[in-house]
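# A closer look at the structure
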Amino acid sequence: MIIANTINEVRQQVLNWRQQGLKVAFVPTMGNLHQGHLTLVKTAKQHADKIVASIFVNPMQFNDANDLANYPKTMDADQQALIHEQTDLLYIPTVEQIYPKGLEQQSAVEVPTITEGLCGGNRPGHFRGVSTVVAKLFNIVQPDVACFGEKDFQQLQVIKTMVEDLSFPIEVIAVATCREQDGLAMSSRNTHLTQGERVIAPELKQCMDLVAANIAEGCNIKDELDKAKMHLTELGFKVDYLEVRREKDLQLVNKIEPGLRLFAAAYLGKPRLIDNIAIKLSK
Ligand code: PAF
């Protein structure tokens, strides 16, 4: 695996592959890789000849300095995992390289509407940071395809919207959420759960499955959400949001229609867990 630390190195190598007629896929990450990230790499391999991954803990998408400072860094293990998955190039830029004039002076990419609500509502500036860094990484790597997980469904839709609105010649591939055996969505944040919290954590998905099934059967959306919030609170979660939205534009709905998704964010102790699942109507 080539390790590139500069924009030029990445561009030269990708250009070289392109001149050989090879297709390039990109998997951007913030490191602390788990099976979810490695599934993105595996999926990328099905769509391209060469795989580029990046590890960059992007300060622009954090609105809590503690969160940024405490973001787990596992560079050696991450590199080994990427080598194991036969990643061809790993780009590890510095903050100074990505934001040479500092965050305040950085031109930004703002995706409207779809960034409001859900994680955008409670984390002001978060998606501005995500779309800006992803646009920048896309311009550096210039991949043919890029893979993003459905676990961060709003992020996926923000990237898709940005790619369409700004005419990036890149195909965005959505990859299904990777789950632990007990259903808990894989996340770097899970490592912050205490043993006791880890036992309770899968209840979030179980509760969501029940809500989705009841709504699919025709039960009232608001009643189901209210019951579920109460149940999760009793279990020890602090529910941030539990909402049903339209998959394609993330607008809130209060009546049943095809193409809906259930979105949840809840604190369990310190970690904030997020998850989302499709509501599959029975007829
Ligand atoms: O999902 C992530 O890890 C990050 O938001 C991303 C897409 C790498 C941008 O920093």
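My aim in this report is to walk through the structure given alongside it, one point at a time. Just so it is clear, the model here is predicted, and its values are computed rather than measured.

Parameters and conventions
Residues numbered from 1 in each chain as written. Predicted model: local features only at pLDDT ≥ 70, side-chain atom pairs only at ≥ 80, totals over all residues. Heavy atoms only, no water. Helix = DSSP H or I, 4+ residues; strand = E, 2+ residues; numbered from the N terminus. Expected span 1.5 Å × (residues − 1). Buried < 20%, exposed > 50% of the residue type's maximum accessible area, 1.4 Å probe, protein only. Arc of directions from axis to C-beta. Contact = heavy atoms within 4.5 Å. Axes fitted to C-alpha atoms, helices over the stretch in contact; angles between N-to-C directions. Parallel < 35°, antiparallel > 145°, perpendicular 65-115°, else oblique. Left-handed = near helix turned anticlockwise from the far one by under 90°. Near = heavy atom within 4 Å. Polar contact = N/O pair within 3.5 Å; in protein donor to acceptor, adjacent residues only side chain to side chain. Areas by Shrake-Rupley, 256 points an atom, 1.4 Å probe, with all protein chains shown as cover. Nonpolar A, V, L, I, M, F, W, Y, C, P; charged D, E, K, R; others polar. Pairing = 2+ DSSP bridges. Patch = residues over 30% accessible without salt bridge, like charges linked within 9 Å, V, L, I, M, F, W, Y side chains within 5 Å. Salt bridge = Lys/Arg side-chain N within 4 Å of Asp/Glu carboxyl O. Phe/Tyr/Trp six-rings, centres within 6.5 Å; stacked < 30°, edge-to-face > 60°. Right-handed = clockwise from strand over helix to strand, strands pointing away.

Take helix α1 (residues 7-19) next. The α-helix advances 3.6 residues per turn, and as a result positions three or four apart in sequence lie on the same side. Between its first and last C-alpha, α1 extends 18 Å over 13 residues, near the 18 Å set by a 1.5 Å rise per residue. Restricting attention to buried positions, one finds in α1 the residues Val10, Val14 and Trp17. One side of α1 holds all its buried residues, which, seen down the axis, span an arc of 55°. Facing away from the buried side of α1 by more than 90 degrees, the exposed set consists of Asn8, Gln12 and Gln19. Buried positions along α1 lie against β1 (2-4), β2 (24-29), β3 (50-55), β4 (89-91) and α7 (126-141). A positive phi of about 80° marks Gly21, the residue just after α1.

Our focus in this paragraph is the packing of α7 against helix α8 (residues 153-165). Orientation of α7 relative to α8, taken along the N-to-C sense of each, is 50°, at an axis distance of 10 Å. Here α7 is positioned oblique relative to α8, judged by the angle of their axes. The two elements α7 and α8 meet at a crossing, and its hand is right-handed. In this structure, α7 uses Phe127, Val130, Ser131, Val134, Ala135 and Phe138 to contact α8, whose residues at the interface are Gln154, Gln155, Val158, Ile159, Met162 and Val163.

The next point concerns the site of the ligand. Lining the immediate surroundings of the ligand are Pro28, Thr29, Met30, Asn58, Gln61, Val133, Phe148 and Gln155. The contact in question runs from an oxygen atom of the ligand to an N or O atom on the side chain of Gln61, over 2.6 Å. Separating an oxygen atom of the ligand from a side-chain N or O atom of Gln155 is a distance of 2.7 Å. Isolated, the ligand exposes 290 Å² of accessible area, and the fraction of that covered by the protein chains is 89%. In terms of residue class, the shell around the ligand is made up of four nonpolar, four polar and no charged.

Once that is clear, we can look at the sheet that holds β3. The parallel open sheet is built from six strands, whose spatial order is β1-β4-β3-β2-β5-β6. In this open sheet, the two strands that pair with only one neighbour each are β1 and β6 (171-175). Along the sheet, successive strands turn relative to each other by an average axial angle of 25°, direction set aside. Judged from the three bridges that link them, β1 and β4 form a sheet pairing that is parallel. Within β4, the position partnered with Ala4 by the bridge is Tyr91. In the packing of helix α4 (residues 75-84) onto the sheet, the strands contacted are β1, β3 and β4, and the crossing angle to β3 comes to about 170°.

For the rest of this paragraph, the subject is a nonpolar patch on the surface. A cluster of nonpolar side chains, contributed by Met1, Ile3 and Ile83, occupies part of the molecular surface with about 220 Å² of accessible area. Following the sequence through the fold, Ile3 ends up in strand β1.

As a further point, take the packing of aromatic side chains. By the definition in use, this model includes six aromatic pairs. Seen from their ring centres, Phe138 and Phe168 are 5.6 Å apart, and the 75° between their planes marks the pair as edge-to-face. Here Phe138, found in helix α7, pairs with Phe168, found in the loop between α8 and β6; they are 30 residues apart in sequence, far enough to count as distant. Assigned by exposure class, Phe138 and Phe168 land together as buried. Cluster of aromatic residues (ring-pair linked, three or more members): Phe26, Phe138, Phe148 and Phe168.

With that settled, the discussion passes to the pairing of β2. With six of its six residues buried, β2 lies for the most part within the structure. Examined bridge by bridge, β2 and β3 share six bridges and lie parallel to one another. Within β3, the position partnered with Ala25 by the bridge is Ile51. In this fold, β2 hands off to helix α2 (residues 35-47), which returns the chain to β3; that crossover is right-handed.

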